[in-house]
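# Structural overview for review
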Amino acid sequence: MKSLPLAPRVVGYLIVAQLFAFFCGWTISTALSMAGIGVFPSSWDSLAISRAQRQAIASLAADEDGAVRITPTQELLSEIRRAPHMRVAVFDKFKQALPGSDPVLVSILTPVVGISPTHVHFALPDDDSFAPEGFMAPMRTPFGQLHIAVHGQKFQWNDLIDAWAFDIKVLAAYFATAAVLSTATAWFAVRNGLLPLRQIAREASLIDMDTLGNRLTLDVVPTEAMPLVGAINQALERLDVGTRRQRLFTANAAHELRTPVAVLAARLDAPREPNFEFQLRRDVWRISHIVHQLLAEARAEEQTLPLDELVDVAASVRAMVDDAALLAIRDGREIEYLGPSGAVFVRGNKVAIEAVVANLIDNALRAEPRGGSVAIRVNENATIEVIDHGAGVAEDDRRAIFEPFWRMSEGASGAGLGLAIAKELVSKLKGRIWVENTPGGGATFKISLPRAVL
Amino acid sequence: MKILLVEDEKEMARLVASLIAHSGFKIDVVTTIADAFHAIRKGAYDLLLLDRRLPDGDGASILKMARHLHPGIRVIMLTALDALSDKISGLNAGADDYLTKPFQGEELIARIRACFRRPGGEIRPPIVVGALSYDLQTDDVSVDGSIIHLSRRELMLLRTLVQRVSRVTSRDSLLVEIYGSEDDVRDTALETIVSRLRRRLSELGARVEIHTVRGRGYLLAEKGL
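About the cut-offs
- Residues numbered from 1 in each chain as written.
- Chains lettered and ligands numbered in written order.
- Predicted model: local features only at pLDDT ≥ 70, side-chain atom pairs only at ≥ 80, totals over all residues.
- Heavy atoms only, no water.
- Helix = DSSP H or I, 4+ residues; strand = E, 2+ residues; numbered from the N terminus.
- Buried < 20%, exposed > 50% of the residue type's maximum accessible area, 1.4 Å probe, protein only.
- Arc of directions from axis to C-beta.
- Contact = heavy atoms within 4.5 Å.
- Pairing = 2+ DSSP bridges.
- Axes fitted to C-alpha atoms, helices over the stretch in contact; angles between N-to-C directions.
- Phe/Tyr/Trp six-rings, centres within 6.5 Å; stacked < 30°, edge-to-face > 60°.
- Lys NZ or Arg CZ within 6 Å of the ring centre and 35° of its normal.
- Salt bridge = Lys/Arg side-chain N within 4 Å of Asp/Glu carboxyl O.
- Polar contact = N/O pair within 3.5 Å; in protein donor to acceptor, adjacent residues only side chain to side chain.
- Nonpolar A, V, L, I, M, F, W, Y, C, P; charged D, E, K, R; others polar.

Let us now look at unusual backbone geometry. Residues and elements named next belong to chain B. Its identity as a non-glycine residue notwithstanding, aspartate 139 has a phi of 60 degrees, on the positive side. Looking at the secondary structure, you find aspartate 139 in the loop between β9 (132-135) and β10 (140-143). At serine 166, a position not held by glycine, the phi torsion is positive, near 70 degrees. Locating serine 166 in the fold gives a position in the loop between α6 (152-163) and β12 (168-170).

Residue and element names in this part refer to chain B. Those residues of helix α7 (residues 171-179) lying buried are Leu174, Leu175, Ile178 and Tyr179. Buried residues of α7, viewed axially, fall in a sector of 100 degrees; they line one side. In this structure, the buried side of α7 is in contact with α6, β12, α8 (187-204) and β14 (217-222). Trailing α7 by a residue or two, glycine 180 shows a phi angle of about 70 degrees, which is positive.

All names here are of chain B. With antiparallel pairing, the four strands of this open sheet are ordered in space as β8-β9-β10-β11. Each edge of the open sheet carries a strand with a single partner, namely β8 (127-129) and β11 (146-148). In this sheet, adjacent strand axes meet at a mean angle of 30 degrees when their direction is disregarded. Across four bridges, β9 lies against β10 in antiparallel orientation. Within the sheet, the bridge partner assigned to tyrosine 134 lies in β10 and is valine 141. Each of β8, β9 and β10 touches α6; the most contacted strand, β9, lies at about 100 degrees to it.

Attention now goes to the environment of valine 426 of chain A. Residue and element names in this part refer to chain A. For valine 426, the position within the fold is in helix α11 (residues 419-428). Residue classification places valine 426 among the buried positions, given a relative accessible area of 2%. Sequence separation between valine 426 and isoleucine 447 is 21 residues, and the spatial gap between their C-alpha atoms is 7.8 Å. When sequence neighbours within four positions are dropped, the list of residues in contact with valine 426 reads Val356, Gly431, Arg432, Ile433 and Ile447.

We now examine the sheet that holds strand β3 (residues 87-91) of chain A. Residues and elements named next belong to chain A. The sheet built from four strands is open, its strands ordered β3-β6-β5-β4 with antiparallel pairing. In this open sheet, the two edge strands, each paired with only one partner strand, are β3 and β4 (120-122). Adjacent strand axes in the sheet meet at a mean angle of 30 degrees when their direction is disregarded. Of the pairings in the sheet, the one linking β4 to strand β5 (residues 134-141) comprises three bridges and is antiparallel in character. Its bridge partner lying in β5, phenylalanine 122 is registered against glycine 134. The sheet strands contacting helix α2 (residues 49-58) are β3, β5 and β6 (144-151), and the helix crosses β5 at an angle near 50 degrees.

Moving on to the pairing of β6 of chain A. Residues and elements named next belong to chain A. Of all eight residues in β6, six are buried, a share of seventy percent or more. Note: β3 against β6, five bridges, orientation antiparallel. Each residue of the ladder has a partner; that of valine 90, found in β6, is isoleucine 148. With seven bridges joining them, β5 and β6 adopt antiparallel strand pairing. The partner of proline 138 across the bridge, within β6, is histidine 147. Taken together, β5 and the strand that follows it, β6, pair antiparallel across an intervening segment of two residues.

What follows deals with the packing of aromatic side chains. Residue and element names in this part refer to chain A. Evaluated as defined, the whole model comprises eight aromatic pairs over all chains. Ring centres 5.0 Å apart and planes at 65 degrees place the aromatic pair phenylalanine 22 and phenylalanine 175 in the edge-to-face group. You can see phenylalanine 22 sitting in helix α1 (residues 6-34) and its partner phenylalanine 175 sitting in helix α5 (residues 158-205), a full 153 residues away along the chain. Residues phenylalanine 22 and phenylalanine 175 agree in their burial class; the two are buried. Where tryptophan 44 meets phenylalanine 155, the ring centres are 5.0 Å apart and the plane angle is 50 degrees; that geometry is what we call tilted. With tryptophan 44 in the loop between α1 and α2 and phenylalanine 155 in the loop between β6 and α5, this residue pair connects regions lying 111 residues apart in the sequence. The aromatic ring of phenylalanine 276 is capped on one face by arginine 272, whose charged end is 4.1 Å from the ring centroid.

Let us now look at the interface of chain B and chain A. Interfaces are often sized by the amount of accessible area the parts lose when they come together. Of the residues lining the interface, 25 residues belong to chain B; the matching set on chain A comes to 25 residues. Between glutamate 334 of chain A and arginine 214 of chain B there is a salt bridge, with its nearest N and O atoms 3.4 Å apart. Connecting chain B to chain A are four residue pairs in polar contact (both at pLDDT 80 or more). For the side of chain B that touches chain A, the secondary structure elements donating two or more residues are α5 (105-117), β13 (208-213) and β14 of chain B. For the side of chain B that touches chain A, the element with the highest residue contribution is β14 of chain B, accounting for three residues. A class-by-class count of the residues in the side of chain B that touches chain A yields 10 nonpolar, seven polar and eight charged.

With that settled, consider the pattern of salt bridges. Note on pairing: side chains with opposite charge can pair once their charged atoms come close. Residue and element names in this part refer to chain A. The tally for this structure, following the rule as stated, stands at 33 salt bridges over all chains. Salt-bridge contacts for aspartate 362 lead to arginine 286; the nearest nitrogen and oxygen are separated by 3.2 Å. Of the two residues, aspartate 362 is situated in helix α9 (residues 350-367) and arginine 286 in helix α7 (residues 276-301); the sequence distance between them amounts to 76 residues. Here the salt bridges share partners, and the residues they tie into one network are Arg51, Glu79, Arg82 and Asp159.

Next comes the structure, spelled out in structure tokens:
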């Protein structure tokens, strides 16, 4: 739908409303007059006055020697046939009745005309004088200003329009003024009222990806526009949160990958170590674990990863252990599975769980001293433990290692990679991840997942 | 024993093809679905290695057509990292197995062998690990080209392990392979055979090792890579 500018629309509505108000007001006051409640009692027949006057004026004619007289036109004659009691009288500027005037009116009005009234409502002696139906007023005629008196005229429906048009003519100045003023007022009110929206528009035009934290100023806008501006602010808020989360994710991803890539690059530059090829392979595997986990997290974030699948974590962990076994052996470590050979079911997502577990195993193999053994345990209560015997995680760092951008102190390099994302993923799976000490030294990472109720 | 690799990344295709050829399989490489259709119509392949994302569509679309022409054909999907759920849809589409990129070369070869091991697989080349060679057709085992003799259970153990070379074979499946479904076999019995086989292979200089993965089973791999 094409939208019209607001100001002209308001002006249009106002003018229509005023016409309607006049019509209603006129109708009500006329009705009240007729009911005798108004200031001037009135009657239906009094509405015919102005037509009767016109007919009287039309009937004025001058004879050869310039004397003006009433010579009823066909129209007046037929009107008189319709209203047999109709009387017409016209007085010249010398207050003399013109020939053809009704003698009864002449005799009654001659003394009144003497005082040149602007108008007079009158009743004949036999009339019900409550609402006088006689009317006399000076009027412009082709023969100058003459007093025209009518009486006994009879209402017909088109008199309503006549009467209405007459009153409009009388009130034209008021009308014009009201229309002009309300147009100006409406224009001003709309323009002025919407002015703050221009400021909002300016503010909105300045918002881009770098300034998503900005909000539109709510208290300058009219109350009516507040829901809109408020809703836009809320949308901005959601965008802001989402964008911040995404930026954090990107930064995290870059951060998580920078270290292993740097290690890989350093390895290529350093003098060849005897197990060079294997080390390269291990570096690549570590990177791919992190990428796997990042992608699972990204998918969970955009909600394309179903998070309520039935997953046999025992089977998943066994597969993870199997996958890591060769790598561990080649690296001079051992890997061990401690858990049931049967199933342990949880609600979650296989890909996400495996990504996290693979990452934990990778970290553990890295922390484990040469010749040691990393153990992965699955408990019947759906907790998974990844146990190493390395340097462990200091008490103070146990929370921090799951924060984005956390770097463990030198010497324990490598541990902690991907843990922020692991935590995000696990919390999406409605689980918990934390770290404890391995009895005798080392770190034990634990994940608890929601058990599936079968 | 012919394999068709459908992979559009040239460097990847070249490296994977060289790896597979090195393991004794014949391999052809195509880079598009259209070329794959053409190749499958022309030549009889035993195994398809399908990349999902190809310039002219989803590699899975080749699968149906290939199965139609050669009902016994094996298919392994190679899925990209960013297509985690492709694993599932790959299997749903009828692939025998899937492998997520990047994969370890040893893993790929193991999967290819595993694929042929399933019913319907065609004649396979002997599996070579270190100096050891195992012919699955004849159960002939040789070290550096000379045939060696093993006890029946040692042979079955080696056969099972060698088919999953570089990967863990679970103790449960070893027990089933060697002892059938007897439940009263003690774990120590299996350990005894494993120790014996280890000693034999070591004495013969087979350059392979059988590693214990506690809680899981055993893993046979080339020595000291």
